[in-house]
Each structure stands twice: as C-alpha cells, then as structure tokens.
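Report on the structure
The lines below spell out each chain.
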Amino acid sequence: MMKNQRILITGALGQLGLALIRELSKQENTYVLATDINIPKNELSVDFEQVNALDKNRLESLITKHEFNCIYHFAAILSANGEQNPFVSWDVNVNSFQVVVSLAIQHNIQRLFWPSSIAVYGRDKNPINAPQQVDMNPHTIYGVSKLASEKLIRYYHHKYNIDIRSLRLPGVLSTDLVGGGTTDYATEMVQAAKNKMPYTCFLAPQTELPMIYIDDVIMAIQQLMETDFSVRQQAHSYNIMGFCLTPRKLEVQLKKLGFPVVVNYNPDYRQQIAESWPRTTDDQLAKKDWGWSPKFDLKKSVRRMLS
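Residues numbered from 1 in each chain as written. Predicted model: local features only at pLDDT ≥ 70, side-chain atom pairs only at ≥ 80, totals over all residues. Heavy atoms only, no water.

1. Details of the packing of aromatic side chains
Here a ring pair, both rings aromatic, is described through the centre-centre distance and the interplanar angle of the planes. Cut-off, in case you're wondering: Stacked, tilted and edge-to-face are the three classes applied to pairs of Phe, Tyr and Trp rings, where Trp contributes its six-membered ring and a pair requires centres within 6.5 Å; stacked means planes under 30 degrees apart, edge-to-face means over 60, and tilted covers the rest. The classification of residues rests on relative accessible area computed with a 1.4 Å probe and restricted to protein chains. Under 20% of the type maximum is buried, over 50% is exposed, and intermediate values are partly exposed. Runs of E in the DSSP output that reach at least two residues are strands. Runs of H or I that reach at least four are helices, and both are numbered from the N terminus. Placement of a positive charge over a ring is assigned whenever Lys NZ or Arg CZ falls within 6 Å of the ring centre and within 35 degrees of the normal to the ring plane.
Scanning the model with the defined rule gives ten aromatic pairs in all. Relative to Tyr156, the ring of Tyr155 has its centre 5.4 Å away and its plane inclined at 65°; by these criteria the two rings are edge-to-face. Residue Tyr155 is classed as partly exposed on the basis of its relative accessible area of 45%. Note on Tyr156: relative accessible area 13%, which makes it buried. Their ring planes at 35° and their centres at 4.7 Å tell us that Tyr213 and Phe296 sit as a pair that is tilted. Of the two residues, Tyr213 is situated in strand S9 (residues 209–213) and Phe296 in the loop between helix H10 (284–290) and helix H11 (298–306); the sequence distance between them amounts to 83 residues. Its relative accessible area of 8% is what places Phe296 among the buried residues. Positioned over the ring face of Phe296 is Lys300, at 4.6 Å from the centre of the ring.

2. Describing the pattern of salt bridges
Applied cut-off: For this analysis, a salt bridge means a side-chain nitrogen from Lys or Arg found within 4 Å of a carboxyl oxygen belonging to Asp or Glu.
According to the stated counting rule, one finds 13 salt bridges in the structure shown. Put simply, Arg58 and Glu49 hold a salt bridge, and the shortest N to O gap is 2.8 Å. Residue classification places Arg58 among the partly exposed positions, given a relative accessible area of 28%. The partner of Lys287 in a salt bridge is Asp283, with the nearest N and O atoms 3.5 Å apart.

If you want it as structure tokens, here you go:
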C-alpha cells in the first residue's frame, strides 16, 4: 500500500464508489476527495466536490490543489442506460477515461484504477468459463466503450509506462442501487423481498450470469492496487467472479431464507443484453498473479443484503 495516500474518486456516487468510500475512510494517512456530476443524497465520510468527469480544467485544478497520487475512475453510463443514448454513453465512458489518464500522465500520478465489465464479451463468446484473453465483439455501446478502454490501458502502459489497474467485473450485488445496469434485477429483487412487495423482473427466470458481492469487489480492488508487480505484467483487466445466478435461483434463495417474494417475469430489451454476456468467466489469471479468492457465495451475499 502506498503511504500517505491522496486519492481522487470520480463517479463516486455509484455502486463501487460508495462502497470504496466506506472502506477508504477507515484507513489512516489517507485523504479522499469524492467527485460526481450529482450531489450526494446522504452525507459522505470524505470530502466531496460536484464535478463532471469530462471537465478537464476543473479536474486539473483539484489535482494541482490536492496533489493526488492515486485516482479511482468510476464515472460511467451503465449497460441498460447506455443503449438509450449510445453517443452520450461513448462520450462519458471513453472520453472521461481519456481525460483522467492524460491528467495522470501530466501530473505524474502513481497509480490509477478503472473497472471494466463482462460486457466486453459478445454473443459469439457467451460460454461457460469465458477466457481471460479472446477475440471480443460486444453487442452494446457499454461493452464497446469498455473494450476500447481496455485496449487503451495496454497502449498507455507501453507508451507512457503508466500504472493503470483494472478488473473485468460481473454483476455486482449490493444494497446501493444506483440503476442503469442489466444485472440490477438482483438488488431490486432483494429490496422487494425485504419490503414485502411483489417484483417484476426484466430478465427471464433462467437467464444465467456471473455475479459477485460488493465486499469481494472492494477486497479485490484493494488487493490489486496493493500488489507489488516486481516484473510488471502486460496491462490486464483481470476477470473475477463470485458465483452464477439466475433470477429464479435468487427467488428460490430468498424464499429459503424466509422472504416469500412474489416475482413476475416480463423480459424487456435488457434480456438481449444479458444473452450476449458469458455465463461464467475464467479468473485463474487473477488467482495466479495476485491471489484473488472470493469469500461470498450466493447464500452469504443474500443474507448480508437482507440484514
């Protein structure tokens, strides 16, 4: 771990940002500035500035003022929302990444984290155990933008020797529901069960996708960021996953835990998105390179969300 960390987070009010803030605020000798285009609904445990991640001048003024040595870049438009306006989605997802990386290079920022997604795979690569490296043909603008930025990670690493670290994430289960994602049904269904409300699921009952609990994601981010790559591997966006999930499997698990949620199934345009993604991913490279190992299975994840 870097000593005296000074951390900038963009897109901090999303699912990953909120969870990371809670964890980083516990650490000593760490200053965190959270930024987002929106205003937080609740008070944060760190400093906050309202900033558009595409505003290079504003970000640069903050970097100059606070002398950050690490950036977590979470600003993005997710898969389902991205299909509603692909041009805006590309602008936010790729051009904000370009802004942050260019500033990191210019100001000699030591380390940067950026999350990718299983959306980089396409329908023709929709297997069990999708490999770490394979030709990819994503079917959404979200996937296209993530794949483009994965390629940029390698390019900028080789051209500028910048240390950009990344995880290729599956669906993330948490109690923070921001919206706009194709795997949001899982968090929505658990919340409906807690509130004793019926739920209409936008995916078909047997739609299988890889999932992971948010605590495992934050653990993975921290492990990856703290790993000392003595011989730096080629820049990777590492596959990680926790368990497989279908809406029906989640419904059954909730009922087993004493929450008899009533689920109706009405698949919409997000069904096609889900069908273009792999059912599981191969995360052996992450296990080999930095000791990745998830701690949460489905039952443990749902129990934590229900508590």
